[in-house]
Amino acid sequence: MDSLLFLCARCIVAQRPLRALPASLYPVLFKAAFLDRKPLVLQDLVATWPFPVLNFQQLVEHRELLWDDDWNLCVQAVIQAVVAQLKLELEEPGHHFRWVLGIPARSQPPIPPSLLVGFPDGLFCFSSLRVLDVTGLSDSVCGRTRGGLKIGSRANLLAKACLEVSKHQRKFQRRGSKQRKGRSRAATAAATPQPPGVDIHTDLVVKRRFYGILRDALQAGAAGPLRLKCREFQAKYISASEIVTLLESLDPSCVRRVDLRFSNLGLSGLSVILPRLSRFPELRSLKLRCNDVDVRRPTPESAVGIRCVAGQLGMLPGLRELNLGFSRLSGNLSQILCDLQAPLESLELESCSLISADLAFLSQSFHAPALKRLDLSGHDFSQGLFEPLQLLLEETSASLLHLILMECRMADSHLEALLPTLRRCSRLRFLGLYGNSLSMAALKDLLQKTLELPDLHLVVYPYPRDFYNREPSRFGCSFEAVVDEELLAADIAEISQLLENSGRTDLVWSYKPYGHGGLDYFSL
């Protein structure tokens, strides 16, 4: 239920222009304007923001937002307001980040009357904003708003904003240079105080379409008034050389994750990119999913490539999460991880063609007792990998929080044999078993025997095989297309009742494999 303060804030933002308000009301007004989709009100608030930091996630209290086009327009409005603020600071140097109450002192440069429109006599506020934090927001801000306005990805919007401010800065520098012609360079610099600018903390998703503009923005804005500070960098479908260019343009102090996917880099491409990552002291997570790494058939070239990649990974002392999904590593996992300086806490090895030797190495390595998150989806545990899996889970049981074993060809007998080990994972929070051929009876047994795990809050289970109208693989259909909907509805109701009767209403059982929040390494 919304608080009385929030309800009052909604009434205030419903009317524009806003009256002059105390600084303490700005956060709740921003939240109300954002959730009620008031982009113009958001621009007004940002233009007079009284605090040095504006953090989206904190202000909206981590609500799970439906990122439709109207909310995306609100994000765009905030970015545009920051651009307008910086243009004003460039045009009126010396007026940035300070409140002006009453008539300006004679020692202060006069405020142009046009800037006071809309404010009561004796009160005017310049924005104090110096950090805009939009990390954690969806990047898929594309499409058209209800009013027909076309918008693009957030990375594209931010890049355009940086270039616009840089262009404005060059324009006024040229104008100032002409006005002060004849002065010494030192006198000119002293006479033109530079505004401190705004840092935008963001997560960047870079695709080929927006590579050029983002490259230009990162390079132009490094010393400009509007600076991008990337926290998590994700690149898709771009070449190794383009990735290197972007990585070298990022501020090294903020990057905590690099995610490179679908770029067909291979070992040679990774050998070019990985040395650039050592410049990021805060790097904790490296995701190298779907990059055409295949070392199942060793060659002299692949052996050299593996040693090179292993050595470069060893140069990342802060690395705690590694994703090698869809890399064909058969028998080479130990060589790739051998130079790491500290144990991994999250390891994702989906569809990596692992063999028993790989799992045996992992069980005996210093990574096993430190692992909090483990993804071994896409491996066939119905044959020779099952016993190595059991041994590995024994070694990780004290630390494991998230275990993902989706599409692993596990049957009821495998789950029954694995249950004693699962029950020893006393800290387990998430268990993913989607895509395995399990019966409703086996799932009920799993539910009853894992109720004792106090931290378990989400289980993603497969459609019980009893509910199939026909085998999915035989007809080339998805599981959803062949399941009996009536039986599934009864199953959901029965599981909910079992959880309620057991006093575990905090535990969620879901047959939907995706869309679950809070599963990221940094949320552990």
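Please read all numbers here as calculations on a predicted model, not as lab measurements.

About the criteria used
Residues numbered from 1 in each chain as written. Predicted model: local features only at pLDDT ≥ 70, side-chain atom pairs only at ≥ 80, totals over all residues. Heavy atoms only, no water. Helix = DSSP H or I, 4+ residues; strand = E, 2+ residues; numbered from the N terminus. Buried < 20%, exposed > 50% of the residue type's maximum accessible area, 1.4 Å probe, protein only. Contact = heavy atoms within 4.5 Å. Areas by Shrake-Rupley, 256 points an atom, 1.4 Å probe, with all protein chains shown as cover. Salt bridge = Lys/Arg side-chain N within 4 Å of Asp/Glu carboxyl O. 1 Å grid on protein atoms, 1.4 Å probe; cavity = no way out; pocket = protein on both sides within 12 Å on 5 of 7 lines; lining within 4 Å. Points joined across faces, edges and corners; volume = space filled by probe spheres on them. Nonpolar A, V, L, I, M, F, W, Y, C, P; charged D, E, K, R; others polar. Patch = residues over 30% accessible without salt bridge, like charges linked within 9 Å, V, L, I, M, F, W, Y side chains within 5 Å. Lys, Arg positive; Asp, Glu negative; His and termini not counted. Charge placed at Lys NZ, Arg CZ, Asp CG, Glu CD. Expected span 1.5 Å × (residues − 1). Arc of directions from axis to C-beta. pLDDT = per-residue confidence, 0-100. Phe/Tyr/Trp six-rings, centres within 6.5 Å; stacked < 30°, edge-to-face > 60°. Lys NZ or Arg CZ within 6 Å of the ring centre and 35° of its normal. Pairing = 2+ DSSP bridges. Right-handed = clockwise from strand over helix to strand, strands pointing away.

### Looking at the overall build of the chain
Part 1: Of the regular secondary structure elements, the chain holds 19 helices and 17 strands.
Part 2: Within the chain, the fraction of its 524 residues that count as buried is 51%.
Part 3: Within the chain, counting contacts between residues at least 6 apart in sequence, those at least 24 apart form 80% of the total.
Part 4: Total accessible area on the chain is roughly 24400 Å²; 53% of this is exposed by carbon and sulfur atoms.

### Here we look at the pattern of salt bridges
Part 1: Counted by the stated rule, this structure contains 31 salt bridges.
Part 2: Residue Asp520 is joined to Arg257 by a salt bridge in which the shortest nitrogen-to-oxygen separation is 2.9 Å. Of this pair, Asp520 sits in the segment after strand 17 (508–510) while Arg257 is found in strand 9 (residues 257–261), placing the two residues 263 residues apart along the sequence.
Part 3: Using a relative accessible area of 30% as the deciding quantity, one classes Asp520 as partly exposed.
Part 4: Take Arg257: its relative accessible area is 6%, and that puts it in the buried class.

### Comments concerning empty space enclosed by the protein
Part 1: Applying the stated criterion to the full structure yields one cavity of 30 Å³ or more.
Part 2: Split into classes, the residues belonging to the lining of the largest cavity amount to eight nonpolar, two polar and no charged.

### As for unusual backbone geometry
Part 1: Residue Pro17 is bonded to the preceding Arg16 through a cis peptide linkage, with omega at 10°.
Part 2: By the secondary structure assignment, Pro17 is in the loop between helix 1 (4–13) and helix 2 (26–35).
Part 3: Although it is not a glycine, Asp292 adopts a positive phi angle of roughly 60°.
Part 4: Along the chain, Asp292 falls in the loop between strand 10 (285–287) and helix 11 (300–313).
Part 5: Despite not being glycine, Phe326 shows a phi value in the positive range, around 65°.
Part 6: In this fold, Phe326 is placed in the loop between strand 11 (321–323) and helix 12 (333–337).
Part 7: Using a relative accessible area of 28% as the deciding quantity, one classes Phe326 as partly exposed.

### Quick word on a positive patch on the surface
Part 1: A contiguous patch of positive charge on the surface is contributed by Lys167, Arg170, Lys171, Arg174 and Arg175.
Part 2: Here Arg174 shows up in helix 6 (residues 154–179).
Part 3: By relative accessible area, Arg174 is classed as exposed at 52%.

### Regarding helix 19 (residues 485–501)
Part 1: In this model helix 19 runs 24 Å from its N-terminal to its C-terminal C-alpha over 17 residues, within 8% of the 24 Å that 1.5 Å per residue would give.
Part 2: Residues Leu488, Asp491, Ile495 and Leu499 constitute the buried set of helix 19. Summarising the axial view, the buried residues of helix 19 lie within an arc of 65°, below the 170-degree limit, and thus occupy one face. Projecting away from the buried face of helix 19 at angles above 90 degrees are the exposed residues Glu486, Glu500 and Asn501.
Part 3: Here the buried face of helix 19 lies against helix 16 (440–450) and strand 17.
Part 4: Where helix 19 terminates, the next one or two residues include Gly503, which has phi positive at roughly 75°.

### Some details on the confidence of the model for the chain
Part 1: Across the chain, pLDDT averages 86, with 82% of residues at or above 70.
Part 2: Within the model, pLDDT remains below 50 along residues 96–124, and this stretch shows 43 contacts once partners closer than five positions in the same chain are excluded.

### Details of the packing of aromatic side chains
Part 1: In the structure shown here, the tally under the stated rule is 12 aromatic pairs.
Part 2: Where Tyr463 meets Tyr511, the ring centres are 5.2 Å apart and the plane angle is 40°; that geometry is what we call tilted. Here Tyr463, found in the loop between strand 16 (458–460) and helix 17 (472–475), pairs with Tyr511, found in the segment after strand 17; they are 48 residues apart in sequence, far enough to count as distant.
Part 3: Ring centres 5.2 Å apart and planes at 65° place the aromatic pair Tyr521 and Phe522 in the edge-to-face group.
Part 4: Tyr521 sits in the buried class, given a relative accessible area of 10%.
Part 5: Here the aromatic residues Tyr26, Phe30, Phe34, Trp49, Phe51 and Phe56 are joined through ring pairs into a cluster of three or more.
Part 6: Over the face of the ring belonging to Phe6 we find Lys31, whose NZ or CZ atom lies 5.0 Å from the ring centre.
Part 7: In this structure, Arg256 is placed above the aromatic ring of Phe522, and the distance from its NZ or CZ to the ring centre is 3.8 Å.

### Points about the side chain of Ser346
Part 1: Tracing the backbone shows Ser346 in strand 12 (residues 346–348).
Part 2: If near-sequence neighbours (up to four positions away) are discounted, Ser346 is found in contact with Arg320, Glu321, Leu322, Leu371, Arg373 and Tyr521.

### Let's talk about the pairing of strand 7 (residues 198–206)
Part 1: Burial runs high along strand 7: eight of the nine residues are buried.
Part 2: Sheet analysis places strand 4 (residues 131–133) next to strand 7, joined by three bridges and oriented parallel. Bridge pairing links Asp133 to His201 in strand 7.
Part 3: You can see the chain leave strand 7, run along helix 8 (residues 211–221) and come back into strand 8 (residues 226–236), and the turn it takes is right-handed.

### What about the pairing of strand 8?
Part 1: Taking burial as the measure, the 11 residues of strand 8 include 10 buried ones, the bulk of the element.
Part 2: Of the pairings in the sheet, the one linking strand 7 to strand 8 comprises nine bridges and is parallel in character. Along strand 8, the bridge assignment pairs Ile200 with Leu228.
Part 3: By the bridge criterion, five bridges tie strand 8 to strand 9 in an arrangement that is parallel. The residue bridging Phe233 from the neighbouring strand is Val258, located in strand 9.
Part 4: As for the winding sense of the linkage, the β-α-β connection from strand 8 through helix 9 (residues 240–249) to strand 9 is right-handed.

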